[in-house]
Amino acid sequence: MFKRIPFDRVIWVTSSFLSVTLLISLTVVPWYVWHFGLNWFLVALFFSFYIATGLSITMGYHRLFAHLSFKAKTPIKLLVLIFGSASFENSAIDWVSDHRRHHKHVDEDEDPYDISKGFWYAHIGWMMFKLRPEPPQDNIPDLWKDKMVHWQHRWTHLLGVIFGFGLPTLLGALYGWLHFGTVQAMEIQALGGFLIGGVLRIVCVQHSTFCINSVCHWIGRRPYSTKCSARDSGLVALITFGEGYHNFHHEFQHDYRNGVKPWQWDPTKWTIWTLSKLGLVSDLRRVPASRILLAELTEAHQQLDAHLEKSTTTLSEQAREVVAHSIEAVQQISQRLSVRINEIQTAARGKMEVTRETMAEWRRQIAEELQSARQHLEHIHAHAGMLPVGA
């Protein structure tokens, strides 16, 4: 097995860090919990740093710096840069350069975490093995001009050690001393802060981020576009503060929202919106509702036609006669959806005034049409295996 590993292409520093932190999380952390227990402070420390570093990636590195979906005041920028370093996902400059290249070349060879090279390559392998020469970072001129971002790029590893390992260790030691009052307790809680607030939290934040590059390009729904492999995953959204709605994001990458539906889990969106009300961020970018509906309807229409064509090609003459009404019904629904697409295209171009009530009514009508189409397609599918008489 080891003979197949291209050791000459291994990125040793990154590979060692990813491997050692994972190994510690799987061995030393359980040992610590077994021997010393897990108190409320260490649990709170883990989740506090998970939220701080996770949001610094999703809100800071991703939506602020990579996609410019809003503008942030200095305190917010400083916080996301510091705790972004504490996630040990590299500097904002390196992270954003890779991510912008991913969007430009998604599913192509130039895509840094191309899913076509395999699930594990997209998840973690691209950081551990160097398959191609490092491309120039010529896609981030805006970040090179930002003095604060440039400062973080220069000191990102030191900042990571201080705030990613040092701070949770120090907080653990303070809790041990103030709560128990002994040097031994201080040392035990300091170790807990290092292991649980530091190492384990880093591993969890990193692999939740990695899931966006792997899981969200591998399994899930594509309601907005099938032009690329990006998919929506509510499960990944739960652990990544809303980043799992990846099909929407690839279609509308500059929107500050990923979970655009009211019921979708997107704490990053809620955080940005709340900060805007406090005056700490501004210029939130939103895709018009008509464009979103247009993308959904166009994709649904294409899939409907594809399902109908696939279903009817295998029908026998006898089965075709049985389901003729359903075939005709689906064709009529497809024609009505085409008319609706033209209406929404006109609205999206700003040539027609559309109220929120009209948009809601369109959505309701489209949902009813698609539900009816699904029922007719199920009827067609049920007869697709019908054999001709005498066969």
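First, a word on scope: everything that follows refers to the structure included in this document.

1. Here's the deal with the pattern of salt bridges
Now for step 1: Applying the stated criterion across every chain yields a total of 15 salt bridges.
Now for step 2: A salt bridge links Arg63 to Glu243, with the shortest nitrogen-to-oxygen separation between them at 2.5 Å. Of this pair, Arg63 sits in helix H2 (residues 40-66) while Glu243 sits in the loop between helix H9 (234-239) and helix H10 (246-251); the two residues are 180 residues apart in sequence, bridging distant segments of the chain.
Now for step 3: In this structure, the salt-bridge partner of Asp142 is Arg100, at a minimum N-O distance of 2.9 Å. One end of the pair, Asp142, is in helix H6 (residues 141-144); the other, Arg100, is in helix H4 (residues 92-104), with 42 residues separating them in the sequence.
Now for step 4: The exposure class of Arg100 is buried, given its relative accessible area of 17%.
Now for step 5: Among the charged side chains, a salt-bridge network with shared partners connects Arg63, Glu243 and Asp266.

2. Brief notes about the side chain of Ser85
Now for step 1: Within the secondary structure layout, Ser85 lies in helix H3 (residues 74-85).
Now for step 2: Residue Ser85 is classed as buried on the basis of its relative accessible area of 2%.
Now for step 3: Those residues in contact with Ser85 that sit more than four places away from it in its chain are Tyr61, Gln152, Thr156, Leu159 and Gly160.

3. As for the environment of Ile140
Now for step 1: Its location among the elements puts Ile140 in the loop between helix H5 (119-128) and H6.
Now for step 2: For Ile140, a relative accessible area of 0% gives the class buried.
Now for step 3: The spacing of Ile140 and Phe41 is 99 residues in sequence and 40 Å in space, taken between C-alpha atoms.
Now for step 4: Excluding its chain neighbours within four sequence positions, the residues that come into contact with Ile140 are Ile93, Val96, Ser97 and Arg100.

4. Some points on a nonpolar patch on the surface
Now for step 1: The grouping of Val28, Trp31, Phe36, Leu191 and Phe194 at the surface amounts to a nonpolar patch, some 400 Å² of accessible area in total.
Now for step 2: A per-element tally of the nonpolar patch places helix H1 (residues 12-36) first, with 3 residues.
Now for step 3: Counting through the fold element by element, Val28 comes out in helix H1.

5. Considering the packing of H1 against helix H8 (residues 183-214)
Now for step 1: The interhelical angle for the contact between H1 and H8, taken along N-to-C directions, is 135 degrees, at an axis separation of 9 Å. One way to sum up the angle between H1 and H8 is to call them oblique. Remark: the crossing between H1 and H8 carries left-handed chirality. In this structure, H1 uses Phe17, Leu18, Thr21, Leu22, Ile24, Ser25, Val28, Val29, Trp31, Tyr32, Val33 and Phe36 to contact H8, whose residues at the interface are Ile188, Gln189, Leu191, Gly192, Leu195, Ile196, Val199, Leu200, Ile202, Val203, Gln206 and Phe210.

Conventions used here
- Residues numbered from 1 in each chain as written.
- Predicted model: local features only at pLDDT ≥ 70, side-chain atom pairs only at ≥ 80, totals over all residues.
- Heavy atoms only, no water.
- Salt bridge = Lys/Arg side-chain N within 4 Å of Asp/Glu carboxyl O.
- Helix = DSSP H or I, 4+ residues; strand = E, 2+ residues; numbered from the N terminus.
- Buried < 20%, exposed > 50% of the residue type's maximum accessible area, 1.4 Å probe, protein only.
- Contact = heavy atoms within 4.5 Å.
- Patch = residues over 30% accessible without salt bridge, like charges linked within 9 Å, V, L, I, M, F, W, Y side chains within 5 Å.
- Areas by Shrake-Rupley, 256 points an atom, 1.4 Å probe, with all protein chains shown as cover.
- Axes fitted to C-alpha atoms, helices over the stretch in contact; angles between N-to-C directions.
- Parallel < 35°, antiparallel > 145°, perpendicular 65-115°, else oblique.
- Left-handed = near helix turned anticlockwise from the far one by under 90°.

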